[in-house]
Amino acid sequence: GQQLNQSPQSMFIQEGEDVSMNCTSSSIFNTWLWYKQDPGEGPVLLIALYKAGELTSNGRLTAQFGITRKDSFLNISASIPSDVGIYFCAGQVSNFGNEKLTFGTGTRLTIIP
Amino acid sequence: NAGVTQTPKFRVLKTGQSMTLLCAQDMNHEYMYWYRQDPGMGLRLIHYSVGEGTTAKGEVPDGYNVSRLKKQNFLLGLESAAPSQTSVYFCASSKTNEAFFGQGTRLTVV
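To start, this report covers the structure provided alongside it. (Residues numbered from 1 in each chain as written. Chains lettered and ligands numbered in written order. Predicted model: local features only at pLDDT ≥ 70, side-chain atom pairs only at ≥ 80, totals over all residues. Heavy atoms only, no water.)

Here we look at the state of the cysteines
Counted under the stated rule, the structure contains 2 disulfides over all chains. With its sulfur 1.8 Å from that of its partner, Cys 23 of chain A forms a disulfide with Cys 89 of chain A. Taken as a pair, Cys 23 of chain A in strand 3 (residues 19–25) and Cys 89 of chain A in strand 9 (residues 85–92) lie far apart in primary sequence, 66 residues in all. In this model Cys 23 of chain B forms its disulfide with Cys 91 of chain B; the gap between the sulfur atoms is 1.8 Å. Across the S-S bond of Cys 23 of chain B and Cys 91 of chain B the torsion is about -75 degrees, and the bridge reads as left-handed. With Cys 23 of chain B in strand 3 (residues 19–25) and Cys 91 of chain B in strand 9 (residues 87–94), the pair connects residues that are 68 residues apart, well separated along the chain. Each member of the pair Cys 23 of chain B and Cys 91 of chain B is classed as buried. (Disulfide = S-S within 2.5 Å. Helix = DSSP H or I, 4+ residues; strand = E, 2+ residues; numbered from the N terminus. Buried < 20%, exposed > 50% of the residue type's maximum accessible area, 1.4 Å probe, protein only.)

Regarding the interface of chain B and chain A
Contact residues are listed per partner, giving 20 residues for chain B and 24 residues for chain A. For the pair chain B and chain A, the summed buried surface comes to about 1,600 Å²; carbon and sulfur atoms form 55% of the total. Between chain B and chain A we count 4 residue pairs in polar contact (both at pLDDT 80 or more) in total. Where the side of chain B that touches chain A is concerned, the elements lending two or more residues are strand 4 (31–38), strand 5 (42–49) and strand 9 of chain B. Residues of the side of chain B that touches chain A, tallied by class, amount to 11 nonpolar, 8 polar and 1 charged. (Contact = heavy atoms within 4.5 Å. Buried area = accessible area lost by both parts, 1.4 Å probe. Polar contact = N/O pair within 3.5 Å; in protein donor to acceptor, adjacent residues only side chain to side chain. Nonpolar A, V, L, I, M, F, W, Y, C, P; charged D, E, K, R; others polar.)

Focus: the environment of Leu 76 of chain B
All names here are of chain B. By secondary structure assignment, the location of Leu 76 is in strand 8 (residues 73–78). Judged by relative accessible area, Leu 76 falls into the buried class, the value being 0%. It is 13 Å that separates the C-alpha atoms of Leu 76 and Gly 104, two residues lying 28 residues apart in sequence. Discounting residues that sit within four places of it in the chain, Leu 76 has contacts with Met 19, Thr 20, Leu 21, Trp 34, Ile 46, Tyr 64, Asn 65, Val 66 and Tyr 89.

Considering unusual backbone geometry
Along the chain, Ser 7 of chain A connects to Pro 8 of chain A via a cis peptide bond; the corresponding omega equals -5 degrees. Across the junction of Thr 7 of chain B and Pro 8 of chain B, the peptide omega takes the value -5 degrees, indicating a cis bond. Secondary-structure assignment places Pro 8 of chain B in the loop between strand 1 (4–7) and strand 2 (10–13). If you check the backbone angles, Arg 69 of chain A has positive phi at about 70 degrees while not being a glycine. Within the secondary structure, Arg 69 of chain A is located in the loop between strand 7 (61–65) and strand 8 (71–76). Classification of Arg 69 of chain A as partly exposed rests on a relative accessible area of 35%.

Keep in mind that these numbers describe shape and distance, not what the molecule does.
The following block contains the structure:
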């Protein structure tokens, strides 16, 4: 099956720092999604990307759909305590809802006081 | 508008027992999914449904069965629970490809 490699697996940063994480695939995806999961909760959608090269922002979050369609990046600027959590990338071959998402293994973000 | 609701939130089962996890969505979504989440493994798809009366296998379907008798409900059954099924289970629904998740069910099989 398709594999999504997400890195880094964990990050320890200080409040105010910028964060970068990425996701790479062994095959092409036509949709990339980024989710955040808070402790004890389900994942919540942050950003959706539908075109190669697309750059989309949601507040302090910016995500990019790689030109090769095999990767995606998420950046968080000026991190704050509520950014703590696990970030998942997810890819889908089609742009239609009846295809299942493939999830990365997650990046756990911790903010050091 | 509650979104996606899962019941129960926690459950402890003995090996060999059976149980059903219920997922309900009030967004009139066609697509519904069951995932399991294990440490270091991300989310893995168990079964999914593209509409009322339909089901399909995902990545890790063995030991689970599902039913979608009503559009708003997607049931996940464990006929004979095994310790390997200890996990956090998430239900999700979607209209297109932006899936919305429930809060999860933490299942422990002893």
